[in-house]
Amino acid sequence: MQAKLQVLLRQCLSSSIEMNTILITGASSGFGFATAEHFLEQGWRVIALARREEKLLSLSAKEGQLIVVPCDVRDAKGLEEKLTPILETTSLDCLFNNAGLALEKVSVEDGNLDLWKTMIETNIQGLLYVSRLVIPYLKKQKQGTIINVSSIAGREAYDGGNVYGATKAAVALLSKSMRIELAPYGIKVSDIAPGAADTEFSLVRFHQDEKKAKQVYIGYTPLMAQDIANVVWFLCNLPPHVCIQEMVVMPTAQPEAKVVFKKN
Ligand code: NDP
Ligand code: 8X3
């Protein structure tokens, strides 16, 4: 696996010097996958990180354009081992901190301790581990954009949203804090808070129960992964002096977290 990564890395470095580069966590599905495809189409180099390597390898890249990093964002040591050689040799324009998940929608009383731990470790600690590794390189470059994905669930409470929502409220706060730390270095930090989007998110949340997952998106038009890819592209291509700090991106039919206008 390490050897494959090194080969890809060598190909990337030899094929292009001036290519813009984005590191995307959670690039194997949903927002991350669509964003990777979009940036690859636009000629950027993509460093694609997630646990499912086969999904990352299915991204449509030209030779030398894609660096695949199969890794769990909860694994601080693994991240360091895999990302450091890449960061040492590749300049980075954008970090898209997108990997995350919800694993239940129940009351606190009925909550599962292991699922809470996984959500907290992935959504908060994982984002911190990746950011901590990347920030020194962005500071040296004195430019770059970090885009974090929080959620409407971190801004408004809904029934059963408790721990997932709290992890996303933490992402929103971390985004503000990182913005203060990094502004002196010309580094932007943006926080995207999407509403309901039809990705694998609900399948994961409801443990592969397809009927329950589908139900979330029936009767209205939810966001699509490409909608978020478009937003990331927009944020990455603003002039250096413009930072959009927060974006709440909702389906038109969902004016707030708990309200969805369904036709049927
Ligand atoms: P998907 O389930 O389609 O994608 C989630 C991505 O996160 C996958 O690529 C998955 O990859 C990756 N991931 C999960 N756990 C880990 C881990 N431990 N290490 C590395 N990668 C991991 O969902 P979305 O695209 O919808 O979700 C993307 C982000 O958007 C998440 O943070 C989610 O909370 C947030 N969000 C989603 C909304 C929605 O309605 N869909 C709305 C608001 C926010 P793999 O399994 O291969 O590791
Ligand atoms: C996902 C959006 O409202 O389903 O973060 O929790 S919601």
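Our structure's up above, just so we're on the same page.
I will try to describe carefully the structure that is included in this document. (Residues numbered from 1 in each chain as written. Chains lettered and ligands numbered in written order. Predicted model: local features only at pLDDT ≥ 70, side-chain atom pairs only at ≥ 80, totals over all residues. Heavy atoms only, no water.)

What follows is about the packing of helix α5 (residues 113–141) against helix α6 (residues 162–182). Where α5 contacts α6, the axes come no closer than 9 Å and their chain directions differ by 15°. Here α5 is positioned roughly parallel relative to α6, judged by the angle of their axes. Crossing of α5 against α6: the hand is right-handed. Contacts between α5 and α6 involve Trp 116, Met 119, Ile 120, Asn 123, Ile 124, Leu 127, Leu 128, Ser 131, Ile 135 and Lys 139 on the former and, on the latter, Val 163, Tyr 164, Thr 167, Lys 168, Ala 170, Val 171, Leu 174, Met 178 and Leu 182. Its residues assigned to classes, the contact of α5 with α6 shows 14 nonpolar, three polar and two charged. (Axes fitted to C-alpha atoms, helices over the stretch in contact; angles between N-to-C directions. Helix = DSSP H or I, 4+ residues; strand = E, 2+ residues; numbered from the N terminus. Parallel < 35°, antiparallel > 145°, perpendicular 65-115°, else oblique. Left-handed = near helix turned anticlockwise from the far one by under 90°. Contact = heavy atoms within 4.5 Å. Nonpolar A, V, L, I, M, F, W, Y, C, P; charged D, E, K, R; others polar.)

A separate point is the nonpolar core. Nonpolar side chains in soluble globular proteins generally cluster together in the buried interior. Ranked by size, the top nonpolar core spans 32 residues in total, and within it Ile 22, Val 46, Phe 96, Ile 147 and Val 232 carry the most contacts. Sorting the residues of this core by element identifies β1 (21–25), α2 (30–41), β2 (45–50), β3 (66–70), β4 (94–97), β5 (144–149) and α9 (225–236) as the ones contributing at least two each. Counting residues per element, this core draws most heavily on α9, which supplies seven residues. Counting residues in hydrophobic clusters, the runner-up holds 24 residues, among them Leu 79, Ile 86, Leu 95 and Leu 133. (Core = buried A, V, L, I, M, F, W, Y, C linked by side-chain atoms within 4.5 Å. Buried < 20%, exposed > 50% of the residue type's maximum accessible area, 1.4 Å probe, protein only.)

A few words now on the site of ligand 1. In the vicinity of ligand 1, 29 residues are found, and the nearest of them are Ser 28, Ser 29, Arg 51, Tyr 164 and Thr 199. Here Gly 26 contributes a backbone N or O atom positioned 3.0 Å from an oxygen atom of ligand 1. A distance of 2.8 Å separates an oxygen atom of ligand 1 from a polar atom in the backbone of Asn 98. If ligand 1 stood free it would expose 880 Å²; the protein chains cover 96% of that surface. Where the shell around ligand 1 is concerned, the elements lending two or more residues are α2 and α6. In the shell around ligand 1, the residues fall into twelve nonpolar, eleven polar and six charged. (Near = heavy atom within 4 Å. Polar contact = N/O pair within 3.5 Å; in protein donor to acceptor, adjacent residues only side chain to side chain. Areas by Shrake-Rupley, 256 points an atom, 1.4 Å probe, with all protein chains shown as cover.)

Where helix α4 (residues 76–89) meets α5, the axes come as close as 10 Å, and the angle between the chain directions of the two elements is 25°. With respect to α5, the element α4 is oriented roughly parallel. α5 is crossed by α4, and the crossing has right-handed handedness. Two secondary-structure elements touch here, α4 through Ala 76, Leu 79, Glu 80, Leu 83, Thr 84, Leu 87 and Glu 88 and α5 through Tyr 129, Val 130, Leu 133, Val 134 and Tyr 137. The residue makeup of the contact of α4 with α5, split by class, is nine nonpolar, one polar and two charged.

This part covers the site of ligand 2. The local shell around ligand 2 consists of Ser 151, Ile 152, Ala 153, Tyr 158, Tyr 164, Phe 201 and Arg 205. Between an oxygen atom of ligand 2 and a side-chain N or O atom of Tyr 158, the distance comes to 2.4 Å. Within the side chain of Tyr 164, an N or O atom sits 2.6 Å from an oxygen atom of ligand 2. Compared with its free state, where it exposes 240 Å², ligand 2 has 84% of that area covered by protein. When grouped by side-chain class, the residues that make up the shell around ligand 2 number five nonpolar, one polar and one charged.

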